[in-house]
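Examining the three-dimensional arrangement
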Amino acid sequence: MSDFNGLMMQANLVGGEWIAADNAQQLAVTNPATGAVLGQVPNCGEAETQRAIAAAAAAFDDYSRSDLSFRVGLLHDLHDALMDNQEPLAQLLTAEQGKPLFEARGEIAIGAAYVRWFAEEIRRTKGEIVPAPVSGRRLLVTHHPVGVVGAITPWNFPSSMLARKLGPALAAGCTLIVKPASATPYSGLAWGKLCQDVGFPAGVVNIVTGSARAIGGAIMQSSEVRKVTFTGSTEVGKTLLRQAADTVKKVSMELGGNAPFIVFDDADLDAAVAGAMIAKYRNMGQTCVCTNRFYVQAGIHDAFVERLTQATAALVVGNGAEDGVQQGPLIDIEAVEKVEALIADARAKGGQVVQGGNRHANAGTFFEPTVITGATADMRFASEEIFGPLAAVFKFDSEEDVIEAANATRFGLAAYAYTRDLGRSFRLNARLDYGLIGINTGMVATVEAPFGGVKESGMGKEGGSQGLEDYMVGKYTCLEGLGA
Ligand code: NAP
């Protein structure tokens, strides 16, 4: 079997050493496209995590006070190492996660771009000298690394979600303990290998796989860990928020979404369908910013549905490692069962399945990309995250109604709208309760801009200059008695 250019690490990185679990237990990792076991990773727990925290804490003093040019140089080397290994990293990502190779290559590239962005941005974190109200005083505002960081990542973007955390943390001068998702640990472990290869000092990056509760518990209980950054479900995020209270950690939470995608009568139909395909079916519908609810105005509804259905039917489903495949398998059988349950619920409440609706002939966890029309607010997907290749289409009449419907959710991550009316675009900007808004585009994430949700979709930002602030603490120093 390929070892993906030596990047498929079957051990954990603690204090610069690659280790097994203390009890030698392992977790199997399977390829969701084939069901075959890809390999094993350590099933670590509390004790190994505590050692990783101790290693990160021990490395923090030197690393946080190292020359800025040293850290920036390492980050640029890490960017280059990621891009030099883009192909094996993408293949490893597809093998453990299932997404088509072209998407996996894109994920590696955007992850590398985040690293480069934060290497550049850290050089611009200027402080302030604030005018003092009395003479003889100087008021300084300065930025400092927050300390040891715990980073917990999900399975749907196991590489780029880590990039958004590791990049700013390392740029700021923090050290880390990373816990990748158990379904997709290899992408995260590969980051550890590359960080080590380019010369990050021992203990700066530590990666532990295994029991979420034990590893998460150790991270959350530790008073050495000063910040926790989490991407995953809202339910787990809430648990971590409660646990963070005991040691008053700084937190960033990138949680679930329920994105509306609004198509107004004045939309460019071709552009709206193209955007819809990206916003719905990327990663087989398993992204936090995926469209959950299509709202289409009455005048354009039938034409949009016809075009969306045609484009959905044309999607090539198969093993993401094969050329030409656009839709891989879902992550596991529970994900398939959830999509099936949502379809059954919609059917029972009057929804019409106009495309797909069944498990795919490939069996396993493949599912037919599906379109349902006649969606209504009482259907489960109106309020629950679908996380699968199911496009639910609601019809609406007025701008006022659709804004109200779009906001009628506890989530607030991404929203999309297609319109050629500039005034309406600004009204949507003001009134949609979402952290990310795409007008006439189905993909908004970019390293230069702050990514993050409102309401129960989370707090904190990743990317942009704000993504670095989340890894720093501000200090105000008042200087007096210096004769100045
Ligand atoms: P998840 O079940 O919440 O798991 C996320 C991570 O948390 C995994 O590493 C998991 O470990 C770990 N975890 C689970 N229980 C834990 C606990 N009690 N303490 C500490 N860690 C724990 O989410 P997922 O299913 O992997 O990811 C899908 C979710 O992530 C969706 O809701 C999606 O919307 C969201 N997401 C949000 C964003 C964003 O930027 N807002 C981006 C991507 C995904 P195990 O794997 O070992 O269980």
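The numbering scheme is per chain: residues are counted from 1 as the chain's sequence reads. Local features are withheld for residues below a pLDDT of 70 in this predicted model, meaning they are given only at 70 or higher, and side-chain atom pairs are given and counted only at 80 or more; totals for whole chains, interfaces and linings count all residues. Only heavy atoms go into the side-chain values, all of them from the structure, while hydrogens and water stay out.

1. Regarding the site of the ligand
Lining the immediate environment of the ligand, one finds 29 residues, of which Thr153, Trp155, Ser182, Ser233 and Glu385 sit closest. Pairs of N or O atoms are called polar contacts if they sit within 3.5 Å, as long as, within protein, a hydrogen donor faces a hydrogen acceptor (for residues adjacent in sequence, only side-chain-to-side-chain pairs). One of the side-chain nitrogen or oxygen atoms of Ser182 is found 2.5 Å away from an oxygen atom of the ligand. Between the ligand and Ser233, the relevant distance is 2.6 Å, taken from an oxygen atom to a side-chain nitrogen or oxygen of the residue. Exposure was quantified through the Shrake-Rupley algorithm and a 1.4 Å probe, taking into account, for residues, occlusion by the shown protein chains and nothing else. Coverage of the ligand by the protein amounts to 85% of the 910 Å² it exposes when considered alone. Looking at the shell around the ligand, the elements with two or more residues in it are α5 (160–172), α7 (212–221), β10 (225–231) and α8 (234–244). Class assignment of the residues belonging to the shell around the ligand gives a composition of 15 nonpolar, 10 polar and four charged. Any residue with a non-hydrogen atom lying within 4 Å of a molecule or strand is treated as near it. A run of H or I in DSSP counts as a helix once it spans at least four residues, and a run of E counts as a strand once it spans at least two, with each numbered from the N terminus. Polarity classes work like this: nonpolar for Ala, Val, Leu, Ile, Met, Phe, Trp, Tyr, Cys and Pro, charged for Asp, Glu, Lys and Arg, and polar for all others, with Gly in that last group.

2. Quick notes on the pairing of β10
Remember that side chains alternate between the two faces of the sheet whenever the strand is regular. Using a 1.4 Å probe on the protein chains alone, a residue whose accessible area is under 20% of its type maximum counts as buried, one over 50% counts as exposed, and one in between counts as partly exposed. Burial analysis of β10 places six of its seven residues in the buried class, the great majority of the element. For two strands to be treated as a pair, DSSP must find no fewer than two bridges joining them. Note: strand β7 (residues 148–152) against β10, five bridges, orientation parallel. From the neighbouring strand, Val148 faces β10, where its bridge partner is Val225. In the sheet, β10 pairs with strand β11 (residues 250–254) via five bridges, with the strands oriented parallel. Following the sheet pairing, Val228 is matched in β11 by Val251.

3. So, the sheet that holds strand β15 (residues 370–373)
Strand order in the open sheet made by the seven strands is β14-β15-β16-β13-β12-β17-β18, with mixed pairing throughout. Among the strands making up the open sheet, the edge pair consists of β14 (352–355) and β18 (436–439). For this sheet, the mean inter-axis angle between neighbouring strands, taken without regard to orientation, is 25 degrees. As judged from the three bridges shared by strand β12 (residues 259–263) and strand β17 (residues 414–418), these two strands associate in the parallel manner. Each bridged residue has a counterpart across the sheet, and for Val263 the counterpart in β17 is Tyr418. The contact criterion used is simple: two residues touch if any of their non-hydrogen atoms lie within 4.5 Å. To obtain each axis, a line is fitted to C-alpha atoms, and for helices this fit is confined to the stretch in contact; angles are then taken between N-to-C directions over 0 to 180 degrees. Across the sheet, helix α10 (residues 298–313) lies against β12, β13 (291–297), β14, β15 and β16 (390–396), angled at about 140 degrees from β13, the strand it touches most. Strands in contact with helix α12 (residues 399–407) are β12, β13 and β16; relative to β13, the strand with the most contacts, it is inclined by about 170 degrees.

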